[in-house]
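Single-letter residue listing:
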Amino acid sequence: LVNRIKSVPGRKFHPKSKSWLVSSDPQVLRSLLSAFHDVPLRLDPKEFPKEAGIFSDFFEAIRLRNYSRQTAKSYHSHLLQFCSYCRKHPKDVLT
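Residues numbered from 1 in each chain as written. Predicted model: local features only at pLDDT ≥ 70, side-chain atom pairs only at ≥ 80, totals over all residues. Heavy atoms only, no water.

### Quick notes on the overall build of the protein
Which entries qualify depends on this criterion: Starting at the N terminus, helices and strands are each numbered in turn, a helix being any DSSP run of H or I of at least four residues and a strand any DSSP run of E of at least two. Whether a residue is buried, partly exposed or exposed follows from its accessible area with a 1.4 Å probe, protein chains only, as a fraction of its type maximum: under 20%, in between, or over 50%, in that order. Here a residue-residue contact requires only that any non-hydrogen atoms of the pair lie within 4.5 Å. In these tables, accessible area is a Shrake-Rupley quantity obtained with a 1.4 Å probe, and a residue counts as shielded only by the protein chains included in the view.
Of regular secondary structure, the protein possesses four helices and two strands. Sorting the 95 residues of the protein into buried and exposed places 27% on the buried side. The long-range share in the protein, meaning contacts at least 24 apart out of those at least 6 apart in sequence, stands at 52%. Per element, the accessible surface of the protein, about 7,100 Å² overall, is 54% carbon and sulfur.

The structure is reproduced here in structure tokens:
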């Protein structure tokens with residue numbers, strides 16, 4: 001696993017939490033997902049850029065429908081989980 005993470009550009013090891021940190025750049029995330037295609041990953045949803053692919057449409061739809069902030073956060077979390085499950089970067093998901 002260590003050799004796989006070392007193939008991802010811009011990775012950093014965080015000794016306190018004993019975890020690897022990577023940039024939220026779409027190219028880096030694609031590299032990460034392809035390097036670990038057969039291993040379950042825990043991704044922090046807050047790190048995905050809001051302007052990436054499906055999120056721009058998602059946030060526009062949420063604003064137009066006047067959903068509450070809590071509802072938007074919940075839907076956003078579910079959308080990220082779906083993208084993680086499909087192993088796709090949100091920028092690659094078509095609406």
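Moving on, there is more to tell.
### Remarks on the confidence of the model for the protein
What counts, and what does not: As a per-residue quantity, pLDDT reports the predictor's confidence and falls between 0 and 100.
Residues of the protein with pLDDT of at least 70 account for 76%, and the chain-wide mean is 76. Model confidence for the protein, summarised as mean pLDDT per element, is weakest for helix H3 (residues 54–64) at 75 and strongest for strand S1 (residues 12–14) at 87.

### Thoughts on helix H2 (residues 26–35)
Buried residues dominate H2, accounting for seven of its 10 residues. All of the buried residues in H2 are Pro26, Val28, Leu29, Ser31, Leu32, Leu33 and Ala35. Looking at the buried positions of H2, the neighbouring elements they touch are helix H1 (2–6).

### Comments concerning a nonpolar patch on the surface
So the rule is basically this: Excluding any residue in a salt bridge, patches collect residues exceeding 30% relative accessible area, merging like charges within 9 Å and nonpolar Val, Leu, Ile, Met, Phe, Trp and Tyr side chains within 5 Å. Salt bridge, as applied in this entry: a Lys or Arg side-chain nitrogen positioned within 4 Å of an Asp or Glu carboxyl oxygen.
On the surface, a nonpolar cluster with roughly 280 Å² of combined accessible area is contributed by Val2, Phe13 and Trp20. Topologically, Phe13 is positioned in strand S1. On the accessibility criterion, Phe13 (45% relative accessible area) is partly exposed.

### As for unusual backbone geometry
Residues other than glycine seldom take positive phi values, yet Lys18 does so here, at roughly 50°. Residue position: Lys18 is located in the loop between S1 and strand S2 (19–21). For Asn66, which is not glycine, the phi dihedral falls at a positive 55°. As for its position among the elements, Asn66 is in the loop between H3 and helix H4 (69–86). Residue classification places Asn66 among the exposed positions, given a relative accessible area of 67%.

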